[in-house]
Amino acid sequence: MAKNLYPYTLQPVPFELSEAEQRTAQLAIWRRTNIISQKTWLILAAIVAIAIAGLVFVKNYSTIIFWLMLVGVALYLLVRYFGLEWYVKRKLNEELVEDIKGIRMGVQPQGLTMLQRMGAQEGRGMIGWKEVTEWQDHPDFLFLTFKVKGQQGAHVLPKRMDSQNFSFDTIRKHLTEAVGPSK
């Protein structure tokens, strides 16, 4: 199948997002933000260094405090990576999420266009490139946050839409020019 050389959408393509895709995207976004800061790593490294030095050099005294320091660092890391992720997954599963259907999207030089049929009428919307405040490029989707007419919003754009003449290369180009590099 030949790829369309025109970088914009001539006809809006169906935009459908299942509940599973939404939950996967939410978890991936959370994982990207759940990063231990450099300051925290330095503190943990200092605690481990002190504990190891204490175990090596302290003789004839109880070394239980140094073992507790090592166990504390290990517990912190386990809770931070596995405990928090379990908790976030549980909380995300409690949220009501419905499949998104009936929306068509297109890529235009001025932004993303959206069309949705509501009864006999068709609603139209536009997210201009300058209205996007932040974007993230994940392996399976693009995540956009934007502010239109004073209201915050977000969209998850699954990359499977790229095969439907919905050019992600064009989207990346415009977002890089208008907003800056992906976070």
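Residues numbered from 1 in each chain as written. Predicted model: local features only at pLDDT ≥ 70, side-chain atom pairs only at ≥ 80, totals over all residues. Heavy atoms only, no water.

Would you mind going over the pattern of salt bridges with me for this structure?
Oppositely charged side chains can form a pair if their charged atoms are brought close together. A complete count under the given rule lists 12 salt bridges for this structure. Linking Glu85 and Arg31 is a salt bridge whose minimum nitrogen-to-oxygen distance equals 2.4 Å. In this pair, Glu85 is assigned in helix α3 (residues 64-94) and Arg31 in helix α1 (residues 19-33), connecting sequence segments 54 residues apart. Owing to a relative accessible area of 17%, Glu85 belongs among the buried residues under this scheme. Between Lys91 and Glu94 there is a salt bridge, with the nearest N and O atoms lying 3.4 Å from each other. Placement of the pair is Lys91 and Glu94 together in helix α3, with a separation of three residues, close to one helical turn. One salt-bridge network, held together by shared partners, links Arg104, Arg117, Glu122 and Arg124. (Salt bridge = Lys/Arg side-chain N within 4 Å of Asp/Glu carboxyl O. Helix = DSSP H or I, 4+ residues; strand = E, 2+ residues; numbered from the N terminus. Buried < 20%, exposed > 50% of the residue type's maximum accessible area, 1.4 Å probe, protein only.)

What exactly am I supposed to notice about the environment of Arg172 here?
Along the polypeptide, Arg172 turns up in helix α4 (residues 168-178). When its relative accessible area of 22% is taken as the criterion, Arg172 is described as partly exposed. Taking C-alpha positions, Arg172 is 20 Å from Pro14, a pair spaced 158 residues apart along the chain. Beyond its immediate stretch of four places on either side in the chain, Arg172 contacts Trp135, Asp137 and Lys159. In terms of polar contacts, Arg172 uses its side chain to reach the side chain of Asp169, at 3.1 Å. (Contact = heavy atoms within 4.5 Å. Polar contact = N/O pair within 3.5 Å; in protein donor to acceptor, adjacent residues only side chain to side chain.)

Help me out: how do you make sense of the packing of aromatic side chains in this one?
A complete count under the given rule lists one aromatic pair for this structure. For the ring pair Phe166 and Phe168, a centre distance of 5.6 Å and an interplane angle of 70° mean the geometry is edge-to-face. Classification of Phe166 as buried rests on a relative accessible area of 0%. Overall, the relative accessible area of 1% leaves Phe168 in the buried class. (Phe/Tyr/Trp six-rings, centres within 6.5 Å; stacked < 30°, edge-to-face > 60°.)

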